[in-house]
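Chain residues, written in single-letter form:
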Amino acid sequence: MKKLFALVLASLLIVGGLSAQAKPLVIGSKIDTEGALLGKIIVKVLTAHGVAVIDKTAFGTTDIVRKAILAGEIDVYPEYTGNGGFLFSGTDPLVWKDAAKAWATVKKLDLDKNGLVWLTPAPANNTWAIAVRGDLAAKEKLTTLDDLGRYIAKGGAFKIAGSEEFLSRPDALPAFQTAYGFTLKKDQFVSVSGGNTALTEKAASLGTDGVNAAMAYGTDGAIAALNLVVLTDTKGVQPVYQPAPLVGAKAAQAQPNLDAYLAPVFRTLDLVTLQTLNARIQVNGESADAVATDYLTKKGFVK
Amino acid sequence: MAGKSSLFSWASFAWAFPAVGGLMLLAPWLQVKANRIVEGTSRSLTFDDPIWGSVLLVFWVLPLLLALMGVPRRTVVRVAWAGFVILPCVLVWAAGAVAAPLSPPGSFARVSPSWSFWFNLLGAYAGSVVLAPLTGFSRKWLSAAVGLFPLVLVLGLVTGAFSGLSLLKEYEAQGPVFWTQVQTHLILSGVAVATGAVLGTSLGWVAYRLDRFREPVFFFLNLIQTLPSLALFGLLIVPLAALGLGGIGATPALVALGLYAAFPVARSTLTALDHLDQAVLDAGRGLGMSRGQLFLRVQVPLALPVVLEGIRTASVQAVGNTVVAALIGAGGLGSLIFLGLGQYAPDLILLGTLPVMALALGLDQAWALVVGLFQRRVRT
């Protein structure tokens, strides 16, 4: 009996020793299309560099993944730089409208307060945007929000579907209205629960309930397939939301080379690339795993 | 006999067949889309797939023709019933056959069932249920017939006959992830039910033995039941993290699901113990049984079937509740459902939902068998 006990103890120690030596990184991500894609990209790139990882991608809502990385339950997940404006109150709102400043600010604040490390972001802006039906854009020559402002001000038919948050938060639709000089009446918007742009874009595309415009995110994959056009925010009303890998304190110490591995890949993920990859998942129904593998192989990041 | 009532009168029934069947032939039966999100075109059984349309029409019209030809009523009913049992099998097979060339492997086209498909299925189901008692077939025959459709489904899935249909496209895209999630789902709900069973029976026993605990125990369990699961997960994050157990992932999911599962078990345990025949207990005491003997040899076996019924309810509930666990990183079939919701992909939502339904129904049946076994054992 004693021998058995000693044996069990010894094996436990060996297992414990091994796991302490090469503790795998837990990779999480948000439970949405782009979260699944970026999560899989991180998993595959790190694996290709010989880093042991546990795949926990498409893990939960923003709230949950953030709590998880603070609690050390996940080590890496992709987050958007612009969210720094909400994570850290009291910062200058103008900071978040400049890509470089937004990243630098959130990087410094998160490191100082939470020990989290922001790596190099992708040069794509997944910000809130307004998309209109292609036929409307062609007929009324709408390409920017200035055009839209003029169109609405002269009484053009307009009805937008968006989340409650998008319609009411001062820095979302109301900010667009102030900047581009238009006012929407109560019957000109339809509120959809949750921030699901797949739903709002579909409504605009189908013209459900007279809707001809939708709340959209910059890197949404379905925009082109649904024949919608994103109007350019020429005045930079919205914060810049660039996706970047966010690394937990312990993992950043244990694996100092993560940025060297991930930055070359994230630098290639510009707006059109992300839209295209997201579209393959959302429109074609390919799995995030397959799309990530295909992209990384073609680009030569993974053999 | 039910056939004599005016509502189900023979004549109206017979005429309903071609009317309903004809309507089904005109409505679209399949929806074909170039990819997941664009608007699609419809296929009708009359214009696009007339061969399958005529085959399906036979099931609806043949009984009427036979009736008009003066074939005995019992025979017509049997033919109609058999038709309704076979129709769903032909229907899914036809859908698979039509879909295969429209969406070959590697294609992103989506072919999914539409109005007429579901009407045919629903109509056949309703027809077979209504006619079954009128056929005069033995119960064995009838229940064997119920198994035919699932058998054809499994056959089609195994042989790849349905691989052109949109649901299978989603399945292919998910690949091994689907089965990992099924496994996770089963483990999560299994452990939750086991926890709930232990906790529920103990609490039920405590409430039975100690009167003053009765109210607080059920007040607590009732309170838990009224909390929406997502709120409960949220409430658990802080205390669990403080205990060092991890506020995210499988732990909070199991704690919450276990607490949910405890309620029906505790309730049924208490009910079972409360309703034990006092005469039997007295007899046990009269035989000189100690308290422990009385518990193990009399109370447990007598209460067991009712307690197991509680566990049965808890299992079915747990399989459904586990869906929400995906939102706190525990995985399971809910993660497919939530990804599907995010992508506005109804087929992906279905791919997550159908196994949950199948698991719930399967578990319910399996537990019914177990409960039945114990009931019989007690009786003899």
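Calculation notes
Residues numbered from 1 in each chain as written. Chains lettered and ligands numbered in written order. Predicted model: local features only at pLDDT ≥ 70, side-chain atom pairs only at ≥ 80, totals over all residues. Helix = DSSP H or I, 4+ residues; strand = E, 2+ residues; numbered from the N terminus. Buried ≥ 20, exposed ≤ 12 C-beta atoms within 10 Å, placed from the backbone. Contact = placed C-beta atoms within 7 Å. Domains from an automatic or database assignment. Pairing = 2+ DSSP bridges. Right-handed = clockwise from strand over helix to strand, strands pointing away. Expected span 1.5 Å × (residues − 1). Axes fitted to C-alpha atoms, helices over the stretch in contact; angles between N-to-C directions.

Colleague: Summarise the overall build of chain B; cite the residues concerned and give the values.
Modeller: Of regular secondary structure, chain B possesses 15 helices and 3 strands. On the principal axes, the C-alpha backbone points of chain B span a range of 75 × 55 × 35 Å. Out of the 380 residues in chain B, the part that is buried amounts to 39%. Contacts in chain B between residues at least 24 apart in sequence constitute 73% of all its contacts with a sequence separation of at least 6.

Colleague: Describe the domain arrangement of chain B, and please don't skip the residues or the numbers.
Modeller: One can read the domain layout of chain B as domain 1 (2-165) and domain 2 (176-379). Placing a centre on the C-alpha atoms of domain 1 of chain B and another on those of domain 2 of chain B gives a separation of 38 Å.

Colleague: Got a sec to walk through the environment of proline 264 of chain B? Specific residues and values, please.
Modeller: Residue and element names in this part refer to chain B. By the secondary structure assignment, proline 264 is in helix α11 (residues 250-274). On the basis of neighbour counts, which here come to 24 C-beta atoms within 10 Å, the residue proline 264 falls in the buried class. Sequence separation between proline 264 and alanine 197 is 67 residues, and the spatial gap between their C-alpha atoms is 9.1 Å. Proline 264 has contacts with Gly310, Thr313, Ala314 and Gln317, leaving out every residue within four places of it along the chain.

Colleague: An account of the pairing of strand β1 (residues 25-30) of chain A is requested, with residue identities and associated values reported.
Modeller: Residue and element names in this part refer to chain A. Counted residue by residue, β1 has 6 buried out of 6 residues, so it is predominantly covered. Side chains Leu25, Ile27 and Ser29 project from β1 onto one buried face, and the interleaved Val26, Gly28 and Lys30 project onto a second face that is buried too. In this structure, β1 lies alongside strand β2 (residues 53-60), joined through 5 bridges in parallel fashion. In the strand pairing of β2, lysine 30 is matched with glycine 60. A crossover links β1 with its parallel partner β2, the connecting element being helix α2 (residues 33-48), and its sense is right-handed.

Colleague: Requested: an account of helix α14 (residues 271-282) of chain A, with residues and values cited.
Modeller: Across its 12 residues, α14 of chain A extends 16 Å between first and last C-alpha, which sits within 8% of the 16 Å expected from 1.5 Å per residue. Looking at the buried residues of α14 of chain A, the elements they touch are α2, α10 (197-206), α11 (222-225) and α15 (288-298) of chain A together with α14 (334-343) of chain B.

Colleague: How would you sum up the sheet that holds strand β8 (residues 213-217) of chain A? Please name residues and give values.
Modeller: Residues and elements named next belong to chain A. One open sheet holds the 5 strands; their spatial order is β7-β6-β8-β5-β9, and the pairing between them is mixed. Both edges of this open sheet fall to β7 (189-192) and β9 (228-230), since each of them pairs with a single strand only. Across this sheet, the average inter-strand angle for adjacent strands is 35°, counted without regard to direction. One ladder, built from 2 bridges, connects strand β6 (residues 160-163) with β8; its direction is parallel. Counterpart to isoleucine 160 in the pairing with β8 is alanine 213.

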